[in-house]
Amino acid sequence: MEVLNARSILVTGSNRGIGLELIRQLAEGRNQPEWIFATCRDPDGPRAQELRNLAAKHQGVKIIQLDTTDLSSVKAAAATVTEELKGTGLNLLVNNAGILMLNTQETQKTMSETYETNVIGPMIVIQEFLPLLKKASQESPHKGMSCSKAAIVNMSSIGGSITRVNIPKAVSYLCSKAALNMLTKCQSLEFVKDEILCIAVHPGWVETDMGKSVGQPQLTVEFSVKEILNTLAHLSEKDSGTFVDWEGKIVPW
Ligand code: NDP
C-alpha cells in the first residue's frame, strides 16, 4: 500500500478544523515528515492554543505566522521556511485556509473578502513557495508526480462544482471555490513541466466550526483527514488538474 512519504509539508490555516487535524495526523502518523510547517495567522493568540500544545509534543512541528491575505506575511513565511529547510525543497503545500460568510444578501465587500482569502490567498502562497516546490521536484530521484515529491493541494468544496450546486446559499463562497478550481486547473497546466502535481480536494461535510455553521455535518474531522491523507498518498500525474473528494472520487467541475 502506498503511503505519503513527504519530507516536508506546509499547511495554511492549521490552528483549528481540518488544518489542525492534518497537522495532528501527520505528526502522530507512521511516516512522520521531517518538517511539518503549521501556519496560521495568529500563532500567539488563544485560537492557536491547541496547535501550540501539539507542537510542544512533536519536534517536527514548526508554527509559522502566515496570513494568506497579507503578501508581506506570506513572503516572510516563505523566507522562514527556506531557512528551516537548509537548501532542500518543500514537498507538499496544502492551501487549506478558507472563509465562509453566511449572508442573506451578498455585497461588494462579502464577495471581495471571500475571494481575497479563498482564491487570491492560495495564488500568492503558491507564487511565494514555488521555488521550494520546484527544488523538491528537481532533487527527487523519482520520475512522474506525487504528493511525496512535489504537490499543491487546494482545499476546495463541492459547493464550487457548477454541475452539483443546487442551493443558491453563501454565493460568495460557492463562486470563490469555483474560481479556486479553475486556479487549480491552470496551475496543473503551468507546472506540468516542473512535475508538480496540482489537485483540488473536497473534504466532505466535516464537523468543524465552518461545517457546523451550516447544519449537522456528516463526517468527523478525524475521518475526513484520515481519508484525505490516504487519497493524497495514491495520487500520480494522471490525477493532476482534477477535482476529487476525500475518498479520491472525481467530483464534476
Ligand atoms: P474552519 O472555519 O474550521 O477553519 C478555517 C481555518 O482557516 C482557520 O484555521 C482559520 O484561522 C483559517 N483562516 C481563515 N482565513 C485565513 C487567513 N486569511 N490566513 C490564514 N488562515 C486563515 O474551516 P474548516 O477547517 O472546516 O475548512 C478548511 C478548508 O476546507 C476551507 O478551505 C474550507 O472551505 C474547506 N471545506 C470545509 C468543509 C467543511 O464541511 N468543514 C466543506 C468543504 C470545504 P483563524 O482561526 O485565524 O480564523
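Within an unreviewed UniProt entry, the label attached to the protein reads C-factor-like, and the organism entered is Phrynosoma platyrhinos. The UniProt entry for the protein carries the following comment under Sequence similarities (unreviewed entry): "Belongs to the short-chain dehydrogenases/reductases (SDR) family."

**Q** Looking at this structure, how should I read the confidence of the model for the protein?
**A** When pLDDT drops low, the exact placement of atoms in the prediction is not to be read closely. Residues at a pLDDT of 70 or more form 100% of the protein, whose mean pLDDT is 96. Interface predicted TM-score (ipTM) for the complex: 0.99; the corresponding pTM is 0.98.

**Q** Just checking my understanding: could you explain the sheet that holds strand β1 (residues 8–11) for this structure?
**A** Two orientations exist for strands paired in a sheet by backbone hydrogen bonds: parallel and antiparallel. Taking strand neighbours across the sheet as the criterion, the seven strands line up as β3-β2-β1-β4-β5-β6-β7 in an open arrangement whose pairing is parallel. Both edges of this open sheet fall to β3 (61–65) and β7 (242–245), since each of them pairs with a single strand only. Averaged over all adjacent pairs, the angle separating strand axes in this sheet is 20°, with direction ignored. Strand direction decides the pairing type here: strand β5 (residues 151–155) and strand β6 (residues 197–202), joined by five bridges, are parallel. Within the sheet, the bridge partner assigned to Asn 154 lies in β6 and is Ala 200. Helix α3 (residues 71–85) rests against β1, β2 (35–40) and β3 of the sheet, and its axis sits at about 150° to β3. Across the sheet, helix α4 (residues 108–139) touches β1, β4 (92–95) and β5, and the angle it forms with β4 is around 175°.

Scoring rules and cut-offs
Residues numbered from 1 in each chain as written. Predicted model: local features only at pLDDT ≥ 70, side-chain atom pairs only at ≥ 80, totals over all residues. Heavy atoms only, no water. UniProt positions renumbered as here; feature names shortened; annotations may be inferred. pLDDT = per-residue confidence, 0-100. Pairing = 2+ DSSP bridges. Helix = DSSP H or I, 4+ residues; strand = E, 2+ residues; numbered from the N terminus. Axes fitted to C-alpha atoms, helices over the stretch in contact; angles between N-to-C directions. Contact = heavy atoms within 4.5 Å.

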